[in-house]
Amino acid sequence: MKSEISETGNDLLTEIAVAYYQDGATQEEISKKFGVSRAKIGRLLKQARDEGIVEITVKYHPVYSAKIEQRLIERFGIKRALIALDQADEDAQRMQVGGLVSNYLAQTLKGGTVVTVGQGRNVSSVAHHMGVITPRDCKFVCGIGGIHPRGGRFNADHICRQLAKKYGGSSETLYAPAYAENKDQKLAFMQNATVKQTLDLARKADMAIVGVGDMSENSYMVDLGWFTADEVVQSRLNQGVVGDFAGYDFFDIQGQAANTVMSDRVIGLGLEEFRMISEVIAIASENSKPMALLGALRTGVIDVVATSVSNALTVLNLDEQMKNLPS
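Residues numbered from 1 in each chain as written. Predicted model: local features only at pLDDT ≥ 70, side-chain atom pairs only at ≥ 80, totals over all residues. Heavy atoms only, no water.

Describe in detail the environment of N287, supporting the description with residues and values.
Residue position: N287 is located in the loop between β9 (279–283) and α13 (290–298). C-alpha of N287 to C-alpha of Q87: the two residues are 200 residues apart in sequence and 9.9 Å apart in space. (Helix = DSSP H or I, 4+ residues; strand = E, 2+ residues; numbered from the N terminus.)

Right, here's the structure in full:
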């Protein structure tokens, strides 16, 4: 038997954690094996969790996710809710949610379908999700202009091309920047025949895939330099803005459009234009987005929402709490 351990290194913590969580040994058995009191084994197992040696993930039963989906459908009048298991980090969460949307598209896309495509990390995760897909002749159209030079794979154009490659069919670029420097410049682009033709096709699409953004200082738009962190804070505090829809219209917690410093500068489809598309899929995977997601659902534009279990539950709880507030 080993002597009492005064200083516990990661190797020992890992051994104890593997014995308990993987091999199924009891704390009593581990206590005897390592010559450590049962009480200390309990403390070491807690230490292993605290230090990240052990990560506990709750695996939700499909029936549980189905119940959450049904609650969202009843509460917000949507068609479907794609609910992903919670993941430890944002990238993993994004890919999990993107995988659900990818599978949904594989089941629902038909030949001849026209899909309007937004920008950003969540929409990109759908296009880059691995999987064997039966090709079908679809058209993927940019619903917003391009992001340069840092947009890369999060550009609507890049995403459209990737979706066309993945699902079959073709893509159509919107030959304009996503954000103009001022309203006059935007109007000049919008009057261009080529730009107008692409946006007209995007407006008449059968389906749309877009992201829901939050008004966080760490948001994608702040990262790209479109908004300063201070502008985000001021929009949130002074105008009650909680999120953006497809990188265009900004809205408050009630789902009402709000004017911001970005208004009249976006070259792409707005909220009311998405309302005319028969199936709008909105994606919000990050755990910073429940408020944005609630506001987006209240716009009435979303038909299919894709998010995580924790986001879905938080949205439902927030909505319930707000309904119970005195008027």
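Outline the confidence of the model for the protein, listing residues and values.
A residue-level look at the protein finds 89% of positions with pLDDT of 70 or above and a mean pLDDT of 86. Across residues 1–8, confidence stays below pLDDT 50; counting only partners more than four residues off in sequence or on other chains, it has 19 contacts. (pLDDT = per-residue confidence, 0-100. Contact = heavy atoms within 4.5 Å.)

Break down the pattern of salt bridges for me, citing the residues and quoting the values.
Within this structure, the stated rule accounts for 15 salt bridges. The shortest N-O distance in the salt bridge between R161 and D157 comes to 3.0 Å. Here R161 pairs with D157, and both are found in helix α7 (residues 156–167), just four residues apart, close to one helical turn. For E272, the salt bridge goes to R275, with nearest N and O atoms at 2.9 Å. Placement of the pair is E272 and R275 together in helix α12 (residues 271–275), with a separation of three residues, close to one helical turn. Looking at R275, the relative accessible area reads 34%, which means it is partly exposed. The structure contains a network of salt bridges with shared partners spanning E90, D91, R94, E286 and K289. (Salt bridge = Lys/Arg side-chain N within 4 Å of Asp/Glu carboxyl O. Buried < 20%, exposed > 50% of the residue type's maximum accessible area, 1.4 Å probe, protein only.)

Could you give an account of the pairing of strand β6 (residues 241–245), naming the residues involved and the relevant values?
Remark: a regular strand shows side chains that alternate across the two faces of the sheet. Burial of β6 is extensive: five of the five residues sit out of reach of the surface. For strand β5 (residues 207–214) and β6, the ladder comprises three bridges, and the chain directions are antiparallel. Its bridge partner being in β6, G213 is matched across the sheet by D244. As paired strands, β6 and strand β7 (residues 249–252) are joined by four bridges and run antiparallel to one another. Residue pairing across strands places D244 opposite F250, the latter belonging to β7. Linking β6 to β7, which pair antiparallel, is a turn of three residues; within it A246 sits at a positive phi near 60 degrees. (Pairing = 2+ DSSP bridges.)

Which residues make up the packing of aromatic side chains, and what values go with them?
The full count for this structure, using the stated rule, is two aromatic pairs. Relative to Y167, the ring of F140 lies with its centre 6.3 Å away and its plane at 40 degrees, an arrangement referred to as tilted. Note that F140 is positioned in strand β3 (residues 139–142) and Y167 in helix α7, a separation of 27 residues in sequence. Y167 matches F140 in its accessibility class, with the two residues each being buried. Ring geometry for F245 versus F274: centroids 5.5 Å apart, planes at 70 degrees, classification edge-to-face. Remark: F274 occurs in helix α12 and F245 occurs in strand β6; sequence separation between them is 29 residues. The burial state of F245 is the same as that of F274; both residues are buried. (Phe/Tyr/Trp six-rings, centres within 6.5 Å; stacked < 30°, edge-to-face > 60°.)

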